[in-house]
Amino acid sequence: SNEPFDLRLPTPGCYLDPEKAGMDSDALFKGMTEHLFFTLGKLATSASPHDLYMALSYAVKDRLMTRYLASQEVIRKKPQKTVAYLSAEFLIGPQLSNNLLNLGITKEAEDALKRFGIESLSTILEVEEEPGLGNGGLGRLAACYMESLASLQVPAVGYGIRYEFGIFNQLIRDGWQVEVTDKWLKGGWPWELPQPDESCFVGFGGRTESYRDDKGKYRSRWVPSEHAIGVPHDVPVLGYRVNTCDRLRLWRADATESFDFYAFNIGDYYGAVEEKVASETLSKVLYPNDGTDEGRRLRLKQQHFFVSCSLQDMLRSLEKRSIPVTEFANHWTVQLNDTHPAIAVAELMRLLIDQYQIGWDKAWNITTSSVAYTNHTLLPEALEKWDLSLFSDLLPRHLEIIYEINWRFLQQLRLRYPGDDKILQKLSIIDEEGSKSVRMAHLATIGAHHINGVAALHSDLIKRQLLPEFAELWPEKFTNVTNGVTPRRWVALANPSLSNLLEKEVGPDWITNMELLKKLENKKDDANFLQEFEETKLRGKRKLASFIHTKTGILVDPSSLFDVQVKRIHQYKRQHLNALQIIAQYLRIKNGTSNYKAPRTVIFGGKAAPGYFMAKLIIRFINGIADVVNSDPDMEGLLRVVFLPDYNVKLGEIVYPATDLSEQISTAGKEASGTGNMKFAMNGALTIGTLDGANVELRDLVKKENFFLFGKTESEIMHLKNNSYSPKTFIEKCPELQEVIRLIEIGHFSNGDKELFKPLLNSLTGNDPFFVMADFEDYLNKQDEVSNFWNNKKAWNKMALLNTARSGYFSSDRSIREYCESIWKVSPMPVEITCDIEEIT
Ligand code: T68
């Protein structure tokens, strides 16, 4: 141990040679050694798993750079249309495993790690912190879409916010959710490239003024009272086994000056730092509400901040290439992921008119030819509205522009519907009722060339219920693109044993052509194959069982039916319907009336918005049931209930492969699409579900005999609603439901506390806004059917296999192809790489 350190280092390889781009395990080992030493200041002999994770990640990021730079060059040299995906959320998940997979060097990385004494890659993957830059489905969809865009070799940029704190981490204490701040950057995050040279200025507040331009024409301009700087932090997004490496550009807000010297000079030290603190707060934290609109000033500031930076960035890219900005729509297609970036319609107009002095009509033409809008919700409480006073305070020039857009739009309406003031009020961007507000969905709809929903039923409901008059006015604008999820992360990475089996059976191409899985249908009666298929599931279940044991101390049996509901906690998603059903099963076992031959482990996971009392109470409710069930000897070997804390992307990768039964039980008409439903089906889970969101299409694809359908349809729900729905009538008809309610009432699941769950019971037996009572009995019966099927393992496995075989439609590659063809009008642009450094630089 007294020997001198060996400081000799390997010479760097030729990074630009695609054949020798350092992709073998030797080169990776050398790269890791260099990064340990030079980047991290560590010696291999004392490196922790986190150090090795960092070193491997840096080495892998190095290996993305040739493709990344080459991809940017292709766009620069051969100007063509690029997709700009604007989203307040990108829930990208862990990066290392995905980049290894897409580069095709997982094995090489394993070998390199062995030389550091690490026997399994997973010990290194486990230390990666995932960036929680999203709430749920919407943010995760954006991440799947970026991965598919790159895999399909489409030039694209994802634009968003680099939140310092992402979605909170969830702890469970005494059955309640406790939120802890998510310090995802604390150990350093190796995947980003800060680009301070490309920073942008963004204004807020102040006033507008009119002035005469050079030609003596009166114009309006904005004199903001504050500014922030957006500093881009770029994350490379590599496609699967292609050279295309797109960019996710996340903006971090900085103060314009470290100090306001004027305030400082007059001795106001605190005032001086205040502005700095205020502007840096802009990208401080992600709003943890999905589905409800809080209408907070800071949120509107965040939205304008990232949208303005992104549009300036796009315009600047044209200038750099000497392309006139009037050509904007031929070079950029701007997709709004919900209304969070809808201010883009006004901001693009402002930039074109005020900054580039383009006339209104031309600017409007550019804007409406480049912007498209995806709607993700019909829930009225989620539709963004901003108080007029707040809006004019923060974005006075944008409000002027919105008034002008609105005035012109209403003129058009007057011609079409003479004398019909009602329709003007209804469609106006400004909601005149109560305290006036700006309706962002109307701004987006008027400014976009296409509006799409995210599943067939949802898109239909947008036209019929949400925006019927707009749909009548512009039928050609309205379309559907059913969501999809990337098979790279959700099958290949998450479920290696299933992936191996698929590869053995249909060849490796299924990863980019999921329709090939149809070939598995030939195997549906092959007992040996079904056995192998079941084995892959068992492997996933063992892994989840061990995870559950470590995290919660609960022992679960991997041979029991794993019945899973993971998603945000929401009344409309009806985790409480599932919970009530568990109580009914518990009662049957207690009463000896159960024909329970199908031992079950019911697993929940998901976060509740911190201010959503009822959702938090549902978590407490599930944990109350879990306590009683798991500690009752009568339940031994029959029923287990688990609430998995802190559900996130990483945990999802463990959960989906381990699931037998997927719970998709939202009130019909409420879930826009759902994407978990797709991940479960690909991994061979059967679905119990309502006719809601993409469940409808899933059931059509896998065929109705392979899907456990229950519950009222959307139109039946509407009918109940319009005919003074009374949950009492449904409770009266169902003695089992009465028993369940009674047991909760007497405090059986709350240590005798009769008050704890009262708000929940009152809601269910009072007006039951999500029709839980109406669907309960049907749900319970369907669960019995599930149990019966479970006892015929061969039939179950066959159904499960057919789910995997027929789920190819839900690949996000299919979704992205549809966006490219019908909305964006962009085509793939393969990236070639040569050894010649001159060609690249
Ligand atoms: C989800 N929406 C839909 N919203 O609920 C889901 N909302 O059905 C769909 O599959 C998914 O979008 C993808 O299309 C959300 O996830 C949010 O997360 C959200 C965030 C902020 C404000 C409002």
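Cut-offs and rules
Here the residue numbering is sequential within each chain, running from 1 through the sequence in written order. Note on the predicted model: pLDDT of at least 70 is required for a residue's local features to be given, and 80 or more for side-chain atom pairs to be given and counted; whole-chain, interface and lining totals, by contrast, use all residues. With hydrogens and water stripped out, all remaining heavy atoms of the structure feed into the side-chain values. Buried and open spaces are told apart on a 1 Å grid over the protein atoms alone, a cavity being a set of points where a 1.4 Å probe fits but cannot get out and a pocket being an open set with protein on both sides within 12 Å along at least five of seven lines. Residues with an atom within 4 Å of a point are the lining residues. Grid points are joined across faces, edges and corners, and a volume is the space filled by probe spheres set on the points. Throughout, the edges of the domains are those of an automatic or database domain assignment. Side-chain classes follow a simple rule in which Ala, Val, Leu, Ile, Met, Phe, Trp, Tyr, Cys and Pro form the nonpolar group, Asp, Glu, Lys and Arg form the charged group, and the remainder, Gly included, forms the polar group. Starting at the N terminus, helices and strands are each numbered in turn, a helix being any DSSP run of H or I of at least four residues and a strand any DSSP run of E of at least two. Throughout, exposure labels follow a simple rule: accessible area from a 1.4 Å probe, protein chains only, divided by the maximum for the residue type, with under 20% read as buried, over 50% as exposed, and the rest as partly exposed. N or O atoms within 3.5 Å of each other form a polar contact, as long as, within protein, one can give a hydrogen and the other can take it, and as long as residues adjacent in sequence are counted only when both atoms are side-chain atoms. Note on definitions: a residue-residue contact is assigned when non-hydrogen atoms from the two residues lie within 4.5 Å. Neighbouring residues are identified by heavy atoms, a residue being near a molecule or strand if any of them is within 4 Å of it. The method behind every accessible area is Shrake-Rupley, applied with a 1.4 Å probe, and residues are considered shielded solely by the protein chains displayed. A pocket or cavity is taken to hold a molecule when more than half of that molecule's atoms are within 2 Å of the pocket's grid points. Note on geometry: axes are C-alpha line fits, over the in-contact stretch for helices, and angles between N-to-C directions span 0 to 180 degrees. Angles are sorted into four bins: roughly parallel if under 35 degrees, roughly antiparallel if over 145, roughly perpendicular if 65 to 115, and oblique for all others. For any pair of parts, buried area is found by adding up, for both, the accessible area (1.4 Å probe) each one loses once the two are put together. We define a salt bridge as a contact between a side-chain nitrogen of Lys or Arg and a carboxyl oxygen of Asp or Glu at a distance within 4 Å.

**A short note on empty space enclosed by the protein**
Move 1: All told, the structure shown has seven cavities of 30 Å³ or more when counted by the stated rule.
Move 2: For the largest cavity, the calculated volume is near 980 Å³.
Move 3: Lining of the largest cavity is provided by 50 residues; of these, Gly 136, Gly 137, Leu 138, Asp 290 and Arg 568 occupy positions nearest its centre.
Move 4: Residue assignment places the lining of the largest cavity across two domains, with domain 2 (80-93 + 131-408 + 434-483) and domain 3 (496-712 + 771-810) each supplying three or more.
Move 5: Its volume calculated, the second largest cavity comes out at about 160 Å³.
Move 6: If you trace the second largest cavity, you find 15 residues lining it, with Gln 95, Asn 98, Glu 147, Val 237 and Arg 489 closest to the centre.
Move 7: Taken together, the residues of the lining of the second largest cavity break down into eight nonpolar, four polar and three charged.

**Details of the side chain of His 35**
Move 1: Tracing the backbone through its elements, the reader meets His 35 in helix α1 (residues 25-39).
Move 2: What makes His 35 buried here is its relative accessible area of 13%.
Move 3: In this structure the side chain of His 35 is engaged in a polar contact, spanning 2.7 Å, whose partner is the side chain of Thr 39.
Move 4: Apart from residues no more than four positions distant in its own chain, His 35 is found in contact with Leu 40, Ala 55, Tyr 58, Ala 59 and Asp 62.

**Considerations on the site of the ligand**
Move 1: Close contacts around the ligand come from 19 residues, with Leu 138, His 376, Asn 483, Glu 671 and Gly 674 the closest.
Move 2: One nitrogen or oxygen atom from the main chain of Leu 138 is found 2.9 Å from an oxygen atom belonging to the ligand.
Move 3: Within the side chain of Glu 671, a nitrogen or oxygen atom sits 2.6 Å from an oxygen atom of the ligand.
Move 4: In the complex, 91% of the free accessible area of the ligand, which totals 510 Å², lies under the protein chains.
Move 5: For the ligand, the cavity whose grid points lie within 2 Å of the majority of its atoms is the largest cavity.

**Some words on the packing of helix α22 (residues 575-591) against helix α29 (residues 735-745)**
The relative placement of two packed helices is expressed as an angle between their axes plus a distance between the axes.
Move 1: Axis separation between α22 and α29 bottoms out at 9 Å; the angle between their running directions is 100°. If you check the angle between α22 and α29, you find them roughly perpendicular. Along its contact with α22, which presents Leu 580, Ile 583, Ala 584, Tyr 586, Leu 587 and Arg 588, the element α29 presents Glu 736, Glu 739, Val 740, Leu 743 and Ile 744.
Move 2: Looking at the contact of α22 with α29 residue by residue, the classes come out as eight nonpolar, no polar and three charged.

**Here's the deal with the side chain of Ser 97**
Move 1: Note on placement: Ser 97 falls in helix α3 (residues 96-103).
Move 2: On the basis of relative accessible area, Ser 97 is assigned to the buried category, the value being 11%.
Move 3: For Ser 97, the residues in contact, after removing those within four places along its chain, are Leu 125 and Leu 493.

**Focus: the domain arrangement of the protein chain**
Move 1: What the domain assignment lists for the protein chain is domain 1 (1-78 + 95-129), domain 2 (80-93 + 131-408 + 434-483) and domain 3 (496-712 + 771-810).
Move 2: Here the C-alpha centre of domain 3 lies 36 Å away from the C-alpha centre of domain 2.
Move 3: For the pairing of domain 2 and domain 3, the buried interface totals around 2700 Å² over both sides, and the portion due to carbon and sulfur atoms is 62%.
Move 4: Summed over the shared surface of domain 2 and domain 3, the result is two salt bridges.
Move 5: Counting across the domain 2 and domain 3 interface gives 14 residue pairs in polar contact (both at pLDDT 80 or more).

**What about the environment of Ser 308?**
Move 1: Inspection of the secondary structure assignment puts Ser 308 in helix α9 (residues 297-320).
Move 2: Taking the relative accessible area as the measure of exposure, Ser 308 reaches 1% and is therefore buried.
Move 3: With 105 residues separating them along the chain, Ser 308 and Gly 203 place their C-alpha atoms 8.9 Å apart.
Move 4: There is a polar contact of 2.7 Å between the side chain of Ser 308 and the side chain of Glu 347.

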